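# Examining the three-dimensional arrangement
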Amino acid sequence: MTAEDNGRLVWDALREEQERLGDVSILALFADDSERAEDFSLDAAGLHLDYSKNHVSKDALQLLLQLGKCCDLPARIEGLFAGERINTTEDRAVLHTALRDRSGQSVWVDGVDACLAASAERDRMLSFVDEVHSGRRLGATGKPLTTVVNIGIGGSDLGPVMVVEALRPYWIKGRRAFFVSNVDGQHLADTLMQLDPETTLFIVASKTFTTQETMTNARSAMNWFLNHGGDQESAKSHFVALSTNETAVSAFGISAENTFGFWDWVGGRYSLWSSIGLPIALQVGSDHFVELLDGAFAMDEHFRYADLAENMPALLALIGVWNRNLEGIGVHAVLPYDQHLHRLPAYLQQADMESNGKSVCLDGQWTALKTGPVIFGEAGTNGQHAFYQLLHQGTELVSCDFIGAVNSQSEMADHHPKLLANLLAQPRALMCGKSLDEVREELFSEGLSADAVETLAPHKVFEGNRPSNTILMDRLTPENLGALIALYEHKIFVQGVIWGINSFDQWGVELGKQLASDILPRLVDGASDGATVLDPSTEQLLQWIRNRRG
Ligand code: F6P
């Protein structure tokens, strides 16, 4: 029997198991198995994962592990770390893991040792950071460069801004970091008005150095600098680039000396570990940046060598596959109970949805399986007062990841127990729910009349049985953050393997870009001579805009 046949049989068995579980609640699964909480939890690289509050049985889990084996998961994991060209549509290796591998081992890609290349470029970047921090590198007028503006979008923005926000307690005193991404001029303008050109370092971060948003913002930032006392010569002390495209960087006017590079085997959304991490290192210091890498490396080692049954990213991914493909859940919420992780949902939206939002398999065939879910989220407890109503009582099932740190970085001692109590209460409420009988009893005990109880009771019922994972760490340190990000990166990779898709390209972002460049001249010059006829709705909207443009 081929691996494919085996895979089909396992999918059939999974469907049968899901049907068998039918009305068996998660609570009933706990009642039947006193070891469930312990058996469905594990520790790795400073993180603790409890996935016991999912509507999944031990038999289902065994089948999911078998599915992983049918999809050749152990070999595929090895292929990732070994630098195989697994991004097939772009014919590229995918080696973000090499960026944080400081163990001294080699990974060869196109005749280059990726670990060695990463280490050399990291050394260059971190000596630049030390020069800025020590004042050996100053602005053109001799003032220290205390403010950084990172101009980038997508992977050249979301990772760095998420990490800088997460590591606030590690910020170097007196340093400021801003992130400008949107092509909406207000984003840049709102930032520029807070800056002193003499103390500002602009980082133009773009893998391709062709992205419309970033290049537009970079040019406008340069014009602002030139209009605020700067000139071409002084700009050299205030602009650096992070890119793989040396030619475009040099055409923009930034020298090779002021450029920190990376390679095509680093995907944009997996690039915060590369030179794209420069704004992180400038804000929290080189040591903490290296700790971030080390935390990710600890998770890499776990993912690479742990058996699938004890492998945190693999288990998180397989539980996600169960929820997506067997339970039919198409929305997944990321809910960090840590204010400093408030950009994690946005970061994971790109990491997950740009990676696994695909409909075509590696062999070019349309997929028969549902792939990546919609990812959204918000920091707890804010989300509780916004969209949790739907999580608890809505008609759409949403799977959730609750994430938190046991110890706070804040000194306001009475806040953290309240935050943690909420972190524990919400997944419990989602799972346990509250039955009609319980609601009736509660209302009667509050002294409501029988009529009032019957009218109100149905509205206060919580169906329960809603699945979630809980991920805990001791404290939100750079190491633990690194491990958390790597956990999600690997989860996404495993799901891509199970779904048979390429998680590392992003062709789906191209069409919109093409059409925008077709529309732009019609907006700017009003010209449409010889241009393609647009659909009537877009044509009409364009006309409406033209009639009202100032
Ligand atoms: O949104 C598409 C995308 O290509 C992302 O994958 C990438 O992170 C982002 O644009 C920015 O690209 P670049 O770093 O080349 O400017």
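Residues numbered from 1 in each chain as written. Predicted model: local features only at pLDDT ≥ 70, side-chain atom pairs only at ≥ 80, totals over all residues. Heavy atoms only, no water.

## With respect to the pairing of strand E6 (residues 176-180)
Using the following cut-off: To sort residues, take the accessible area from a 1.4 Å probe on protein chains only and compare it with the maximum for the residue type: under 20% means buried, over 50% means exposed, and anything in between is partly exposed. A helix here means a DSSP run of H or I that spans at least four residues, while a strand means a run of E at least two residues long, and both kinds are numbered starting from the N terminus. Any two strands are treated as partners once DSSP identifies two or more bridges connecting them. We call a crossover right-handed when, viewed with the strands running away from us, the connection from the first strand over the helix to the second turns clockwise.
Here E6 lies mainly inside the structure; four of its five residues are buried. Summarising the sheet, strand E5 (residues 147-151) and E6 pair through five bridges and their orientation is parallel. Each bridged residue has a counterpart across the sheet, and for Val148 the counterpart in E6 is Ala177. In this region the chain leaves E5, passes through helix H8 (residues 158-166) and returns to the parallel neighbour E6; the handedness of that crossover is right-handed.

## Considerations on the pattern of salt bridges
Note on pairing: side chains with opposite charge can pair once their charged atoms come close. Defined as follows: We define a salt bridge as a side-chain nitrogen of Lys or Arg found within 4 Å of a carboxyl oxygen belonging to Asp or Glu.
Under the counting rule described, the total for this entry stands at 26 salt bridges. Between Arg102 and Asp294 there is a salt bridge, and its shortest N-O distance comes to 3.0 Å. Within this pair, whereas Arg102 is found in the loop between helix H6 (96-99) and strand E3 (108-109), its partner Asp294 is found in helix H14 (residues 286-305), the two being separated by 192 residues in sequence. The structure contains a network of salt bridges with shared partners spanning Asp33, Asp39 and Lys58.

## Describing the sheet that holds strand E2 (residues 47-50)
As a reminder of what qualifies: Orientation is described by lines fitted to C-alpha atoms, with helices fitted over the stretch in contact, and by angles between N-to-C directions that extend from 0 to 180 degrees. Note on contacts: a residue pair is in contact if any heavy atoms of the two residues lie within 4.5 Å.
Taken in spatial order, the six strands line up as E1-E2-E13-E12-E10-E11 in an open sheet, and their pairing is mixed. With one partner strand each, in any of the chains shown, strand E1 (41-44) and strand E11 (374-377) form the two edges of the open sheet. Here the strands of the sheet are splayed against their neighbours by 20 degrees on average, with no regard to which way each runs. Inspection of the sheet shows strand E10 (residues 331-337) paired to strand E12 (residues 398-405) by seven bridges, in the parallel sense. If you follow Tyr337 over to E12, its bridge partner there is Gly404. Seen against the sheet, helix H18 (residues 415-432) touches E10, E12 and strand E13 (468-473) and runs at an angle of roughly 160 degrees to E12.

## Some points on unusual backbone geometry
In this structure, the amide linkage connecting Gly380 to the following residue, Thr381, adopts the cis form with an omega of 5 degrees. Its place among the elements puts Thr381 in the loop between E11 and helix H17 (388-393). Look at Phe209: it is not a glycine, yet its phi comes out positive at around 60 degrees. As for its position among the elements, Phe209 is in the loop between strand E7 (200-205) and helix H10 (212-227). Despite not being glycine, Asn465 has its phi angle at roughly 65 degrees, a positive value. Tracing the backbone through its elements, the reader meets Asn465 in the loop between helix H20 (450-456) and E13.

## Structural notes on the pairing of E13
When you tally the buried positions in E13, you get five out of six residues, the bulk of the element. By the bridge criterion, four bridges tie E2 to E13 in an arrangement that is antiparallel. Directly across from His48, in E13, lies its bridge partner Leu472.

## Topic: the site of the ligand
Filter applied, for reference: Residues are classed as near a molecule or strand on a simple rule: at least one heavy atom within 4 Å of it. Under this definition, polar contacts are N or O atom pairs within 3.5 Å; protein pairs additionally need one hydrogen-donor-capable and one acceptor-capable atom, and for neighbouring residues in sequence, both atoms have to be side-chain atoms. Per-residue and other accessible areas were derived by the Shrake-Rupley procedure at a 1.4 Å probe size, with only the shown protein chains allowed to occlude residues. Grid points spaced at 1 Å over the protein atoms alone were grouped into cavities, where a 1.4 Å probe fits but cannot get out, and pockets, open sets with protein on both sides within 12 Å along at least five of seven lines, with lining residues defined by an atom within 4 Å of a point. To qualify as sitting in a cavity or pocket, a molecule needs more than half of its atoms within 2 Å of the grid points.
In the vicinity of the ligand lie 13 residues, with Ser156, Ser206, Thr208, Thr211 and Glu354 positioned nearest. Between the ligand and Gln350, the relevant distance is 3.2 Å, taken from an oxygen atom to a side-chain nitrogen or oxygen of the residue. Take Glu354: an N or O atom from its side chain is 2.6 Å from an oxygen atom of the ligand. If the ligand stood free it would expose 400 Å²; the protein chains cover 86% of that surface. Applying the majority rule of atoms within 2 Å of the grid points places the ligand in the largest pocket.

## Things to note about the UniProt feature "active site" (unreviewed entry) in the protein
Put simply, the rule is: UniProt positions are given in the numbering used here, feature names are shortened, and annotations may be inferred rather than shown by experiment.
Summarizing the sequence annotation, UniProt attributes the feature "active site" (unreviewed entry) to Glu354, His385 and Lys513 in the numbering used throughout. Taken along the chain, the residues just named run across 160 residues; in space they spread out, the farthest C-alpha pair reaching 36.0 Å. None of the other annotated residues line the largest pocket; only Glu354 and Lys513 do. Considering the arrangement of structural elements, one finds Glu354 in helix H16 (residues 344-356). Contact partners of Glu354, with chain neighbours within four places excluded, come to Arg269, Gln349, Asp505, Gln506 and Val509.

## Structural notes on the sheet that holds strand E9 (residues 259-261)
In space, the five strands of this open sheet follow the order E6-E5-E7-E8-E9, with parallel pairing throughout. Strands with a single pairing partner mark the edges of an open sheet, and in this sheet they are E6 and E9. Averaged over all pairs of adjacent strands, the angle between strand axes in this sheet comes to 20 degrees, irrespective of strand direction. Most of the contacts of helix H9 (residues 185-192) go to E6, to which it runs at about 165 degrees, and overall it touches E5, E6 and E7.

## With respect to the nonpolar core
One recurring pattern in soluble globular proteins is that nonpolar side chains are buried together. Worth spelling out the cut-off: The criterion is simple. A nonpolar core is a set of buried Ala, Val, Leu, Ile, Met, Phe, Trp, Tyr and Cys residues joined through side-chain atoms within 4.5 Å.
One finds Leu278, Leu481 and Leu484 to be the most contacted residues of the largest nonpolar core, which totals 115 residues. Residue contributions to this core peak at 13 residues, all from helix H21 (residues 478-499). Excluding anything up to four places from it in sequence, Leu484 contacts Leu47, Leu341, Leu344, Ile403, Ile471 and Met473. Counting 22 residues, the second largest nonpolar core, distinct from the first, contains Ile151, Leu192, Phe239 and Phe252.

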